[in-house]
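One letter stands for each residue in the lines below.
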Amino acid sequence: MDPVLEREVGRRRTFAIISHPDAGKTTLTEKFLLYGGAIETAGTVKARRTGNFARSDWMKLEQERGISITSTVLVFEYRGYRVNLLDTPGHQDFSEDTYRVLSAVDSAVMLLDAGRGVQAQTEKLFEVCAARGVPIFTFMNKMDRPAKEPLDLCDELEKVLGIASTPVTWPIGNGPSFEGVVDLRTKKVHLFERVRKGASVAGLTVIDVDDPRLPEIIERPLYEQMRLDLELLDGGMPAWDREKVLAGKLTPVFFGSAMTNFGVELFLDSVLEEAPKPRPRMTEKGPLEPTDPRFSGFVFKIQANMNRAHRDRVAFLRICSGKFERGMAVKHPRLGREVRLSHPNALFGQERVTLDEGFAGDVVGLVNSDIFVIGDTVHTGPETKFEGIPRFSPEHFASAAPDSPAKQKSFRKGLDALAAEGVVQILNPRDGRREPVLAAVGPLQFEVVTARMLDEYDTPVRLEKLPYIAARWVEKKDVPTLEMREMKILDDVAGNVVTLFRSEWELRYFQETYPSIVLKSTSGL
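Residues numbered from 1 in each chain as written. Predicted model: local features only at pLDDT ≥ 70, side-chain atom pairs only at ≥ 80, totals over all residues. Heavy atoms only, no water.

Caption draft 1: Focus on the sheet that holds strand E8 (residues 180–183). In space, the 4 strands of this open sheet follow the order E7-E8-E9-E10, with antiparallel pairing throughout. Each having just a single partner strand, strand E7 (169–172) and strand E10 (204–208) make up the two edges of the open sheet. In this sheet, adjacent strand axes meet at a mean angle of 25° when their direction is disregarded. Pairing geometry for E8 and strand E9 (residues 188–192), over 4 bridges, is antiparallel. When the bridges of E9 are listed, Asp183 appears paired with Lys188. Relative to the sheet, helix H8 (residues 220–233) contacts E7, E8 and E9, its axis offset from that of E7 by approximately 155°. (Pairing = 2+ DSSP bridges. Helix = DSSP H or I, 4+ residues; strand = E, 2+ residues; numbered from the N terminus. Axes fitted to C-alpha atoms, helices over the stretch in contact; angles between N-to-C directions. Contact = heavy atoms within 4.5 Å.)

Caption draft 2: Quick peek at the environment of Glu273. Along the chain, the position of Glu273 falls in helix H10 (residues 264–274). Residues in contact with Glu273, not counting those within four places in the same chain, are Arg13, Tyr81 and Arg242.

Caption draft 3: Just the sheet that holds strand E29 (residues 470–474), in detail. Across the sheet, 7 strands lie side by side as E28-E25-E27-E26-E30-E31-E29; this open sheet has antiparallel pairing. A strand with exactly one partner marks an edge of an open sheet, and here the two such strands are strand E28 (461–465) and E29. Taken over all neighbouring pairs, the strand axes of this sheet differ in orientation by 40° on average, direction set aside. Across 5 bridges, the pairing between E29 and strand E31 (residues 497–501) is antiparallel. Across the sheet, the residue bridging to Trp473 is Val498, located in E31. Contacting strand E25 (396–402), strand E27 (437–440) and E28, helix H12 (residues 444–457) runs over the sheet at an angle of about 125° to E27.

Caption draft 4: Quick look at the pattern of salt bridges. Tallying each qualifying case throughout the model produces 32 salt bridges. Between Arg82 and Asp362 there is a salt bridge; the shortest N-O distance is 4.0 Å. Taken together, the residues Arg82 in strand E3 (residues 81–87) and Asp362 in the loop between strand E21 (357–359) and strand E22 (363–367) connect sequence positions 280 residues apart. Grouping residues by exposure puts Arg82 and Asp362 together as buried. When salt bridges with common partners are traced through the structure, they connect Arg7, Glu8, Arg11, Arg12, Glu77, Arg82 and Asp362 into a single cluster. (Salt bridge = Lys/Arg side-chain N within 4 Å of Asp/Glu carboxyl O. Buried < 20%, exposed > 50% of the residue type's maximum accessible area, 1.4 Å probe, protein only.)

Caption draft 5: The arrangement of the packing of helix H11 (residues 408–421) against H12 in detail. One way to put it is that H11 packs onto H12 with a least axis distance of 10 Å and a crossing angle of 125°. Considered as vectors, H11 and H12 are oriented oblique to each other. Crossing geometry of H11 relative to H12 is assigned as right-handed. Residue-level inspection shows Ser410, Phe411, Gly414, Leu415, Ala417, Leu418 and Glu421 of H11 in contact with H12, the latter providing Val449, Arg452, Met453 and Tyr457. (Parallel < 35°, antiparallel > 145°, perpendicular 65-115°, else oblique. Left-handed = near helix turned anticlockwise from the far one by under 90°.)

Caption draft 6: H10, seen in detail. Counting buried residues in H10 gives 8 out of 11 residues, a clear majority hidden from the surface. Restricting attention to buried positions, one finds in H10 the residues Val264, Leu266, Phe267, Leu268, Ser270, Val271, Leu272 and Glu274.

Caption draft 7: Fine view of the packing of aromatic side chains. Taken as a whole and assessed by the stated rule, the structure comprises 14 aromatic pairs. Consider the rings of Phe501 and Phe510, whose centres lie 5.6 Å apart with planes at 65°: the pair is edge-to-face. Across this residue pair, the class does not change: Phe501 and Phe510 are buried. Geometrically, the ring pair formed by Trp505 and Tyr509 is stacked, given 5.3 Å between the ring centres and 10° between the ring planes. You can see Trp505 and its partner Tyr509 sitting in helix H14 (residues 504–513), 4 residues apart, about one turn around the helix. Given a relative accessible area of 36%, Tyr509 falls into the partly exposed group. Each residue in the set Phe15, Phe32, Phe139, Phe254 and Phe267 is aromatic and connected to the rest through ring pairs, giving one cluster. (Phe/Tyr/Trp six-rings, centres within 6.5 Å; stacked < 30°, edge-to-face > 60°.)

Caption draft 8: Highlighting the side chain of Asp144. Tracing the backbone shows Asp144 in the loop between strand E5 (136–141) and helix H6 (150–161). Despite its burial, Asp144 pairs with no opposite charge; the closest candidate is Arg145, at 4.8 Å N-O. Within the structure, the side chain of Asp144 is placed 3.0 Å from the side chain of Ser257, a separation counted as a polar contact. When neighbours within four sequence positions are excluded, Asp144 is seen to be in contact with Gly175, Pro176, Phe178, Arg194, Ser257 and Thr260. (Lys, Arg positive; Asp, Glu negative; His and termini not counted. Polar contact = N/O pair within 3.5 Å; in protein donor to acceptor, adjacent residues only side chain to side chain.)

Caption draft 9: Summary view of the side chain of Asn84. Within the secondary structure, Asn84 sits in strand E3. For Asn84, a relative accessible area of 0% translates into the label buried. Those residues in contact with Asn84 that sit more than four places away from it in its chain are Arg12, Arg13, Thr14, Phe15, Leu74, Val75, Gly361, Asp362 and Val363.

Caption draft 10: Structural view of empty space enclosed by the protein. Across all of its chains, the model carries 2 cavities of 30 Å³ or more by this definition. The space that makes up the second largest cavity amounts to roughly 30 Å³. Lining the second largest cavity we find Val75, Arg82, Asn84, Asn345, Ala346, Leu355, Asp362, Val363 and Val364. Of all the secondary-structure elements, those providing two or more residues to the lining of the second largest cavity are E3, strand E19 (344–348) and E22. For the lining of the second largest cavity, the residue count by class is 5 nonpolar, 2 polar and 2 charged. (1 Å grid on protein atoms, 1.4 Å probe; cavity = no way out; pocket = protein on both sides within 12 Å on 5 of 7 lines; lining within 4 Å. Points joined across faces, edges and corners; volume = space filled by probe spheres on them. Nonpolar A, V, L, I, M, F, W, Y, C, P; charged D, E, K, R; others polar.)

Caption draft 11: H11, seen in detail. With 14 residues, H11 should cover 20 Å at 1.5 Å per step; its first-to-last C-alpha distance of 20 Å lies within 8% of that length. Along H11, the residues that are buried comprise Gln408, Phe411, Gly414, Leu415, Ala417, Leu418, Ala419 and Glu421. Just past H11, the residue Gly422 takes up positive phi, approximately 90°. (Expected span 1.5 Å × (residues − 1).)

Caption draft 12: Fine view of the pairing of E19. Within E19, 5 of the 5 residues are buried, leaving the element largely enclosed by the surrounding structure. Burial of the side chains of E19 extends over both faces: Pro344, Ala346 and Phe348 are buried on one face and Asn345 and Leu347 on the other. Pairing of E19 with E22 involves 2 bridges; the strand directions are antiparallel. Bridging across to E22, Pro344 finds its partner in Leu366. Across 4 bridges, the pairing between E19 and strand E20 (residues 351–354) is antiparallel. Considered in E20, the bridge of Leu347 is made with Arg352.

Next up, the structure:
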């Protein structure tokens, strides 16, 4: 085995952060960058008045609305690790982009609001991770605000999500009295100093849990509660088992506050130490090891106009095996020909630098790569094809048209670009109508379309909401039956047949009436 390949793969960590909206995901992302030395001052996602926006939120609409809309890749070096952090949208309307990103990671950080516990969006994203066996590290955030009891939060993970948990750190106080955490592995108490708005690294005092000075440093009631908690925890929680963690059966739990930086560095260090290095990827011929000398990777995201001056298009490529080199020639199975990867970049939000080499786990930005679509595989050596990335069933639909007939060309160009990114799905009517149907997982995606079409393509767009609630993919042989029932029949961009339903009742009635027709809620790319 190539020792360089083995060493480089061994120090890669590629993970995403999943959470319900407003749990503090973008703030935690910024603090990882702060402690990782990638930025000097943390800007929070809501810092609109000062213009000090989060580095991971580069899109104009993100900065105006104070939410994360599109996934971002943030690559940095930290204590010998090469970190590929995929910052995913936290808003519920952007779950499909998040689902695609989760296909490219080796582990995930699950962020919970300690005052609210497990919430709806967290459940959805957890299910995607669980289905893939992705290891999950849990951070109970906002302990500087009134929070649920720590034991109740751990119990909630098992009751709601069905995953066992084991605390790695334990909070001392909560809300205004939150002073720090106990590292249950080392029996050390980490006491933090508050810094203004958490913009810089927090000061830290580390002291042994049995140090006689401790009752004098923290308030007596907090000290006594800490001692009582430690006694209850001793033997009362599942033991640390790394094999179960890596199998996604046990989640380590950490407590802290991303806003004040309490517990963030300890959490980041633990994640990088315990998270898996790049793992084998399943192909049509079986698992492919990351240290296999044959280069391979797949495209999981397309993003247009990250650099407005050049109207560029970036394909996000996750490397799965071998060594990537700038300018290398690779096979492109979908096109049936060889292509050259000439303009690779390492990404840091909107910023990027030329990348000369990369290894399994790295995410490469291929600039101006209009030959790629989401789900494409590239490789050297024998043919390699990874499992497809599913396209999820949309729940919101609208017809679209340019505000002016003179804008028809820019309308189609912009719409095609946004559809290639996965912002929306384009469904084309079979009845000869010119206006396409836009389909989205959440309604805010339509707002993104109109804003970006105007901002990036100078094309105002009219959208008219359609009365459908679900889309299902069907076989082409079943089209006559759909036509007989006067169903809404469309083609997606891959030429697959899609039919729309107005209500859950209509969907159930159709399934009961025509049990031989298979309705699929996802479509492989």
